[in-house]
Amino acid sequence: MTNIKKNKIKDLLISFLFCIAIFLFIITFSISLPIYLRPFYYLHIDYLELSKISGFTKAEIIEAYNAVLDYLTIPGKDFSTGVMKYSLDGQMHFAGCKLLFDLNSAVLLSSAICIVTLLIFRKSDKTGPFFIGKHHASFYSALSAIFIPIIIGALASLNFDKAFEIFHNIFFPGKENWIFNPLTDEIIEILPQEFFMNCAILIGTSILALSCTLLLYWGFKRKRNT
C-alpha cells in the first residue's frame, strides 16, 4: 500500500471520528442545557403554580430542586430533597439518574476534547480537511442529529405520556421506582410532567438550532465556492 493511499485512509478515519465527535457534542450539549440552566426550572415554579399544588413555599421548592441537582451534578454530594420527604426507592431512582447525568457529562467533555484536539492537528496540517465525499464531516453530523428531535417530537406529540413511559423503560429497565408516590416522595409534586415536556422541547430546539446552523454554514460556503 502506497503512502498516499495510507494517508487517504488515515484522513478518512479521522474525518469519521470528527463526525462522531460533533454529533455527540450536539446531543450531549443540548441535554445539558435544562440540567445546568437552573433558572429554566425556576421559571416554572410560578408558571405551573407549584407552590399552590405542592403546599411548599417557593424558597423551599428552590432549595429542594437545588439539593437534588447538586447531588446529580456535583461529585461527592449526598442525596437530599431539602425539607421534603423521600423514600429509599425514590433515592435509588435518583442514583440511577446520576449515572445517566455522569455519562452525559463524560461524553460531552470527551467529544469536546476530541474536537479541539483534531482541530489543533488540522491546524498543524497533520490531518486532512475532514471531508467525507463532497461534504465536510460536520455536515453529516448535523444532518444525522437533526432527525432525532423530529422523530422523538413526532412520537411525543402523539402521546407524551406513553413516550415518557417508554423513555423510562429504556433507561431504567425492569425498574418501577420512577413511579413516585407523592405521600412518600414529595419531590414529585414539584417535578410535574409538563416541566419534563418543556425540557424535551428545549433539548430538541437546541439540537435543531445547532444542526441547522452547521447545515446553513456549509450550504452557504459551498454555494460561495461554486
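Since we're looking at a predicted model, the values are computed, not measured.

Focus on the overall build of the protein chain
Part 1 of the argument: When its secondary structure is counted, the protein chain shows nine helices and two strands.
Part 2 of the argument: Ordering the α and β elements of the protein chain from the N terminus gives α-α-α-α-α-β-β-α-α-α-α.
Part 3 of the argument: With respect to the principal axes defined by its C-alpha atoms, the protein chain has extents near 70 × 35 × 35 Å.
Part 4 of the argument: The proportion of buried residues among the 226 residues of the protein chain is 38%.
Part 5 of the argument: Of the contacts made within the protein chain by residues no fewer than 6 positions apart, 75% connect residues no fewer than 24 positions apart.

Brief notes about the nonpolar core
Part 1 of the argument: The biggest cluster of nonpolar side chains holds 25 residues, and the ones touching the most others in it are Tyr41, Ile61, Phe94, Ile187, Ile190, Leu191 and Phe195.
Part 2 of the argument: Listed by contribution, the elements that provide at least two residues to this core are α2 (38-47), α4 (58-73), α5 (88-123) and α9 (193-225).
Part 3 of the argument: Setting aside residues no more than four positions away along its own chain, Phe94 makes contact with Val68, Tyr71, Leu72, Phe79, Phe180, Ile187 and Leu191.
Part 4 of the argument: Residues Ala21, Ile132, Ala137 and Ile207 belong to the second largest nonpolar core, which totals 15 residues.

Overview of the pattern of salt bridges
Part 1 of the argument: Scanning the entire structure with this criterion turns up two salt bridges.
Part 2 of the argument: Across the pair Arg38 and Asp70 runs a salt bridge, and its minimum N-O distance is 2.8 Å. Remark: Asp70 occurs in helix α4 and Arg38 occurs in helix α2; sequence separation between them is 32 residues.
Part 3 of the argument: For the salt bridge of Lys58 with Asp46, the shortest nitrogen-to-oxygen distance reads 2.9 Å. One end of the pair, Lys58, is in helix α4; the other, Asp46, is in helix α2, and twelve residues separate them in sequence.
Part 4 of the argument: Its relative accessible area of 36% is what places Lys58 among the partly exposed residues.
Part 5 of the argument: When its relative accessible area of 53% is taken as the criterion, Asp46 is described as exposed.

Let's talk about unusual backbone geometry
Part 1 of the argument: Backbone geometry places Glu49, a non-glycine residue, at a positive phi of 55°.
Part 2 of the argument: Take Glu49: its relative accessible area is 46%, and that puts it in the partly exposed class.

Here we look at the packing of α4 against α5
The angle between the axes and the distance between the axes are what describe a pair of packed helices.
Part 1 of the argument: With their axes 8 Å apart at the nearest point, α4 and α5 run at an angle of 55° to one another. Considering the angle they form, α4 stands oblique to α5. In contact with Val68, Leu69, Tyr71, Leu72 and Thr73 of α4, α5 contributes Phe94, Ala95, Cys97, Lys98, Phe101 and Asp102.
Part 2 of the argument: Its residues placed into classes, the contact of α4 with α5 shows eight nonpolar, one polar and two charged.

The rules behind each value
- Residues numbered from 1 in each chain as written.
- Predicted model: local features only at pLDDT ≥ 70, side-chain atom pairs only at ≥ 80, totals over all residues.
- Heavy atoms only, no water.
- Helix = DSSP H or I, 4+ residues; strand = E, 2+ residues; numbered from the N terminus.
- Buried < 20%, exposed > 50% of the residue type's maximum accessible area, 1.4 Å probe, protein only.
- Contact = heavy atoms within 4.5 Å.
- Core = buried A, V, L, I, M, F, W, Y, C linked by side-chain atoms within 4.5 Å.
- Salt bridge = Lys/Arg side-chain N within 4 Å of Asp/Glu carboxyl O.
- Axes fitted to C-alpha atoms, helices over the stretch in contact; angles between N-to-C directions.
- Parallel < 35°, antiparallel > 145°, perpendicular 65-115°, else oblique.
- Nonpolar A, V, L, I, M, F, W, Y, C, P; charged D, E, K, R; others polar.

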